[in-house]
Amino acid sequence: MHSLTGTTKLIMMINASIAAMLGFDTRFLVLIVFVSVFLSISSKIELSKLKVVLWFIFVLMILNNIMIFVFAPQYGTEIYGTSTPLWHLTNRYTFTAEQLFYQLNVTLKYFAVLPVALLFIVTTSPSEFASSLNRIGVPYRASYSVALALRYIPDVQREYREISQAQQARGIDTSKDVSFGTRVKNSASILFPLLLSSLERIETISTAMELRGFGKHKTRTWYTSRPLLARDWVAIALSVALLALAAWLISVNGGRFYNPFI
């Protein structure tokens, strides 16, 4: 994965995401999860650096499943046309095998798309990502804006830590030793200077780009752009085949849903 071009990895991520989102065939989703996890392990991604992102997505996944059951507890029954009660709560809320199977597929979609997306982000530099976007047709101004945003994230994190340490030295505590309300109020003394420094940095960068004539021409070259090699074409072909398989399964299953309850 590290040797593939950014364009190849971007196409792979898009095809894999579309393939996972197209249908609810459990067998196909398990296949994508297996491939995604295998690629992540072989690429030796350090999950410790992505702990915050993983926790956020995990919480989002749990909340999504809870909301599905709260607002549509019988949606699985409507989809698969049968009802197999497992645990009765009220007249409206009854756990059925069909509902649990549907929500299992929803959860599998997270595990199918997440590793591919994280793999692309971790193994692709911002400049290569920008050149990849431009190569598939995105205007280079927008592509370069994305690259600048990605490059700016570590700078914002570093400035936040520096401002936070400076404010703590002045006696403004944002640790767990104070109440949640106090932490929220004291955080404003960090966010406001951070906002001002960010605006100043944006002004400096935009002025520098304008002085260098950025946006004068309709096209531009990229220092990190690489030609597609044989391994890139093979990877793209496999991702296209995966997308074609997802479309074929929809026609075989007679719809987006694989029904094991028939």
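Residues numbered from 1 in each chain as written. Predicted model: local features only at pLDDT ≥ 70, side-chain atom pairs only at ≥ 80, totals over all residues. Heavy atoms only, no water.

If you check an unreviewed UniProt entry, the protein appears there as Energy-coupling factor transporter transmembrane protein EcfT from Gleimia europaea ACS-120-V-Col10b. According to its UniProt record, the protein has this under Subcellular location (unreviewed entry): "Membrane". (UniProt positions renumbered as here; feature names shortened; annotations may be inferred.)

**Student:** Even after reading the chapter, I still don't get the nonpolar core, so can you show me in this structure?
**Tutor:** Generally speaking, soluble globular proteins have nonpolar side chains that are buried together. Within the largest apolar cluster, 10 residues are counted, these being A19, A20, F28, L29, I32, V33, L108, A112, A246 and L249. For this core, the element with the most residues is helix α2 (residues 26–42), which contributes 4 residues. Setting aside its immediate chain neighbours within four residues, V33 contacts L108, F111 and A112. Counting 7 residues, the second-largest nonpolar core is a separate cluster that includes M13, V116, F120 and F129. (Core = buried A, V, L, I, M, F, W, Y, C linked by side-chain atoms within 4.5 Å. Buried < 20%, exposed > 50% of the residue type's maximum accessible area, 1.4 Å probe, protein only. Helix = DSSP H or I, 4+ residues; strand = E, 2+ residues; numbered from the N terminus. Contact = heavy atoms within 4.5 Å.)

**Student:** Would you mind going over the side chain of Q103 with me for this structure?
**Tutor:** Locating Q103 in the fold gives a position in helix α5 (residues 97–123). Side-chain polar atoms of Q103 contact the side chain of Q99, separated by 2.9 Å. Non-local contacts of Q103, meaning those with residues more than four positions away in its chain, are made with N65, I68 and F69. (Polar contact = N/O pair within 3.5 Å; in protein donor to acceptor, adjacent residues only side chain to side chain.)

**Student:** Help me out: how do you make sense of the UniProt feature "transmembrane region" (unreviewed entry) in the protein in this one?
**Tutor:** On the UniProt side, "transmembrane region" (unreviewed entry) is annotated at positions that read residues 12–40, 52–72, 100–122 and 228–250 here. End-to-end, the C-alpha atoms of residues 12–40 are 14 Å apart, and along that stretch the chain is 90% helix and 0% strand. Segment residues 100–122 splits into 100% helix and 0% strand. End C-alpha atoms: 33 Å apart.

**Student:** Please explain the environment of Q74 as it appears in this structure.
**Tutor:** The topology assignment puts Q74 in the loop between α3 (51–71) and α4 (75–80). Q74 gets classed as partly exposed once you look at its relative accessible area, which sits at 24%. The sequence separation of Q74 and Y93 amounts to 19 residues, and the corresponding C-alpha distance is 7.9 Å. Ignoring sequence-local partners within four residues, the contact set of Q74 consists of R92, T94, T96 and Q99.

**Student:** Help me understand the side chain of N15 in this model?
**Tutor:** Mapped onto the secondary structure, N15 falls in helix α1 (residues 6–22). Here S239 takes part through its side chain, which lies 3.0 Å from a polar atom of the side chain of N15. Ignoring anything within four residues of it in the chain, the contact list for N15 reads S239, V240 and L243.

**Student:** Which parts of the structure should I look at to understand the pattern of salt bridges?
**Tutor:** Two side chains with opposite charge may pair up if their charged atoms get near one another. Counted under the stated rule, the structure contains 2 salt bridges. With its nearest N and O atoms 2.9 Å apart, the salt bridge here joins R27 to D25. Residue classification places D25 among the buried positions, given a relative accessible area of 4%. Notably, a salt bridge pairs R201 with E159, separated by 2.4 Å at the nearest N-O pair. One end of the pair, R201, is in helix α8 (residues 180–211); the other, E159, is in helix α7 (residues 140–169), and 42 residues separate them in sequence. Residue E159 is classed as buried on the basis of its relative accessible area, which comes to 12%. (Salt bridge = Lys/Arg side-chain N within 4 Å of Asp/Glu carboxyl O.)

**Student:** Would you mind going over a nonpolar patch on the surface with me for this structure?
**Tutor:** Together, W55, F58, V59, I62, L63, I66, M67, V70 and F71 make up a nonpolar patch on the protein surface, roughly 860 Å² of accessible area in all. Along the chain, W55 falls in helix α3. Taking the relative accessible area as the measure of exposure, W55 reaches 53% and is therefore exposed. (Patch = residues over 30% accessible without salt bridge, like charges linked within 9 Å, V, L, I, M, F, W, Y side chains within 5 Å. Areas by Shrake-Rupley, 256 points an atom, 1.4 Å probe, with all protein chains shown as cover.)

**Student:** Would you explain the packing of α1 against helix α6 (residues 126–135) in this entry?
**Tutor:** For any two helices packed against each other, one specifies the inter-axial angle together with the distance between the axes. The N-to-C vectors of α1 and α6 enclose an angle of 70°; their axes lie 8 Å apart at closest approach. Between α1 and α6, the angle falls in the class roughly perpendicular. The two elements α1 and α6 meet at a crossing, and its hand is right-handed. Counting all contacts with α1, which are made through G6, T7 and L10, the residues of α6 involved are E128, F129, S132, L133 and R135. Considered class by class, the residues forming the contact of α1 with α6 number 3 nonpolar, 3 polar and 2 charged. (Axes fitted to C-alpha atoms, helices over the stretch in contact; angles between N-to-C directions. Parallel < 35°, antiparallel > 145°, perpendicular 65-115°, else oblique. Left-handed = near helix turned anticlockwise from the far one by under 90°. Nonpolar A, V, L, I, M, F, W, Y, C, P; charged D, E, K, R; others polar.)

**Student:** Honestly, the pairing of strand β1 (residues 85–88) in this entry has me stumped. Any pointers?
**Tutor:** Working note: regular strand, side chains alternate between the two faces of the sheet. Relative to strand β2 (residues 94–96), β1 runs antiparallel, the two being bridged by 3 bridges. Residue pairing for β2: H88 is matched across the bridge by T94. With antiparallel pairing between neighbouring strands as the criterion, β1 and β2 make up a hairpin whose turn holds 5 residues. (Pairing = 2+ DSSP bridges.)

**Student:** For this particular structure, what's the right way to read the environment of A241?
**Tutor:** Looking at the secondary structure, you find A241 in helix α9 (residues 230–253). Residue classification places A241 among the partly exposed positions, given a relative accessible area of 44%. For A241 and A16, which are 225 residues apart along the polypeptide, the C-alpha to C-alpha distance reads 10.0 Å.

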